[in-house]
Amino acid sequence: MKRRFVENFLPPAATFLLTTAAAEFGIRAAGISPLLLPTPSAVARAALQHSPTLLPALAMTAQAVAVGLALSIAVGLLVAIALSTSRWVERAFYPYAIFFQIVPIVAIAPLLVIWFGYGMRAVVAAAFIVSVFPVIANSLAGLLSVDPALRDLFRLYGASGFAQLWKLSLPWALPNVLTGLRIAAGLAVIGAIVGEFVGGGGLGVVVLEAMRQQRTDLVFAAVLHAAALGLALFAAVNATSHFALRRWHSQETEP
Amino acid sequence: MSAPDPTAARTGVAVRVRGAHRVFRSAGEADVAAVEGLDLSIAAGEFVAILGPSGCGKSTLLRMIAGLEVLDAGSIAVGDGGSAPKNALAYVFQDAHLLPWRNVLSNVALPLELQGRAAGERRDAAARAIASVGLADAARRHPAQLSGGMRMRVSLARALVTEPRLLLLDEPFAALDEITRQGLDDQLRALWAATGMTVLFVTHSIAEAAFLAERAVVLTRRPARVVLEHTLDLPAQRDAALRGDARFAREMSVLYQALRRGNGEAA
């Protein structure tokens, strides 16, 4: 266990320290203006100094991302289940689900403000729109890949449609759903920040304000907070999938 | 109702196939007749091997008997009347096809769960079925932690758990190594002898058909028709020694000749 910890965390930690140190000394030696590219230490100082602004902004963005992502999972799964019920339903509606994938969120974000007003709801809508498609697409792929022999088995014993869905299709699709969620988590953060650019609130507004005041170090600090949020979500999905699928694979046998 | 006992004696059911016909149609391709005017009678409690070349339609026949495939013409009757009693039938597929998120015990209990039996009853019956295939120690393990042979035994236990009166097996041990396969053959025959259920075993292996069955039905290349129905002249008690016996070799040769005839070759 301890050895695994060292193997997993030492290499990325070393990379982080080395690149940070290299950036620090490189930027100083080259004499680059802090307006263009602040040193890591200046970014850290800005982050500490503005933590009374950054942390509540982070909490606000995190809340919008969480709600948007929860909506994506709920709506995405329901849509995928509906699409998986028949080829005709899939053919009729799937092309329009792709709309969520190709819509340029930056372009329609102002529209969301018109619909939902300034504030949290527009931001949640932006996070939802960009993150729902990966959930739909991956869940649908999982639901459609159920082993036909297992479908036969369920039919043979007179399983109801609900039992087939609940005891076979959904658990079968779980790895795909989690893959979709992993992609959706990162996208939801992007969607929320873009939503905040026009809808107000959270880290998006901190970035805009810092830009106006030409505080590049604070822009970097806010971006790092957003990145940390994305990373935390990614880690949470990974942990969930490790826990949920630990029995599925032979390499992770119990002690 | 008491918990089903997978090892308890029961009466098998008869199967009658009359002029069964099945054609597969797919767009842009010629129709493929999988089974054409096939007649077959299987007595209650009989162990019959259905032997035929790969892709000859023997799986289709088995699926039709199970009700998983519709007939284009003809009829199939399981038991005395038309359709089989609810839990009379069980099916073992070519691979184990277990649910990877369930342990052995709840995989085996699945058919009873789908039939809406009580939890205690399910557990008892599943534990007995698992013991009957010799996997009692592995009840809490997950499929990924089992060998191929063990997974196939779980699949067999899952089929036995409902006390089926007709057990259908579709080349169930084809993917296993020879030793594991022979062990499972022995186990299956012992279970058949103990329970009295009817067993229909589809295989492309002449040796397996001869070793397991009381009677062998040899099918032609697609579309499947019966070339030979042959009662095997072998003792009821069968063990490894039989495989080296002259009678066994003679029966194998009879089946081999029929298989060649069915394949359109001169005998």
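The notes below deal with the structure included here. All figures in this text were calculated on a predicted structure; none of them were measured in a lab.

## Overview of the pattern of salt bridges
Going through the model one piece at a time under the given rule, you end up with 22 salt bridges over all chains. Ionic pairing is found between Arg155 of chain A and Asp152 of chain A, a salt bridge with its closest N-O pair at 3.4 Å. In this pair, Arg155 of chain A and Asp152 of chain A are both assigned in helix 7 (residues 148-156), three residues apart and thus about one turn of the helix distant. For Asp152 of chain A, a relative accessible area of 8% gives the class buried. Close ionic contact of Arg247 of chain B with Asp245 of chain B constitutes a salt bridge, the shortest N to O distance being 3.3 Å. Look at Arg247 of chain B and you get partly exposed, because its relative accessible area is 34%.

## Structural notes on the packing of aromatic side chains
Overall, the coordinates contain eight aromatic pairs over all chains when judged by the stated rule. When the ring of Trp172 of chain A is compared with that of Trp101 of chain B, the centres are 6.5 Å apart and the planes differ by 75°; the resulting orientation is edge-to-face. Of this pair, Trp172 of chain A sits in helix 8 (residues 161-199) while Trp101 of chain B sits in the loop between strand 5 (89-92) and helix 2 (104-114), which puts the two residues in different chains. Ring plane angle 55° and centroid distance 5.9 Å describe the contact between Phe173 of chain B and Phe201 of chain B, whose orientation is recorded as tilted. Pair noted here: Phe173 of chain B is in the loop between strand 6 (166-170) and helix 5 (178-195) and Phe201 of chain B is in strand 7 (residues 198-203), with a separation of 28 residues, a long-range link. By relative accessible area, Phe173 of chain B is classed as buried at 1%. The class of Phe201 of chain B is buried, set by a relative accessible area of 0%. An aromatic cluster of at least three residues, connected via ring pairs, comprises Phe47, Phe173, Trp192 and Phe201 of chain B. Residue placement shows Arg91 of chain A over the ring face of Trp88 of chain A; its charged tip is 5.7 Å from the ring centre. Between the NZ or CZ atom of Arg243 of chain B and the centre of the ring of Phe211 of chain B, over which it lies, the distance is 3.8 Å.

Conventions and cut-offs
- Residues numbered from 1 in each chain as written.
- Chains lettered and ligands numbered in written order.
- Predicted model: local features only at pLDDT ≥ 70, side-chain atom pairs only at ≥ 80, totals over all residues.
- Heavy atoms only, no water.
- Salt bridge = Lys/Arg side-chain N within 4 Å of Asp/Glu carboxyl O.
- Helix = DSSP H or I, 4+ residues; strand = E, 2+ residues; numbered from the N terminus.
- Buried < 20%, exposed > 50% of the residue type's maximum accessible area, 1.4 Å probe, protein only.
- Phe/Tyr/Trp six-rings, centres within 6.5 Å; stacked < 30°, edge-to-face > 60°.
- Lys NZ or Arg CZ within 6 Å of the ring centre and 35° of its normal.

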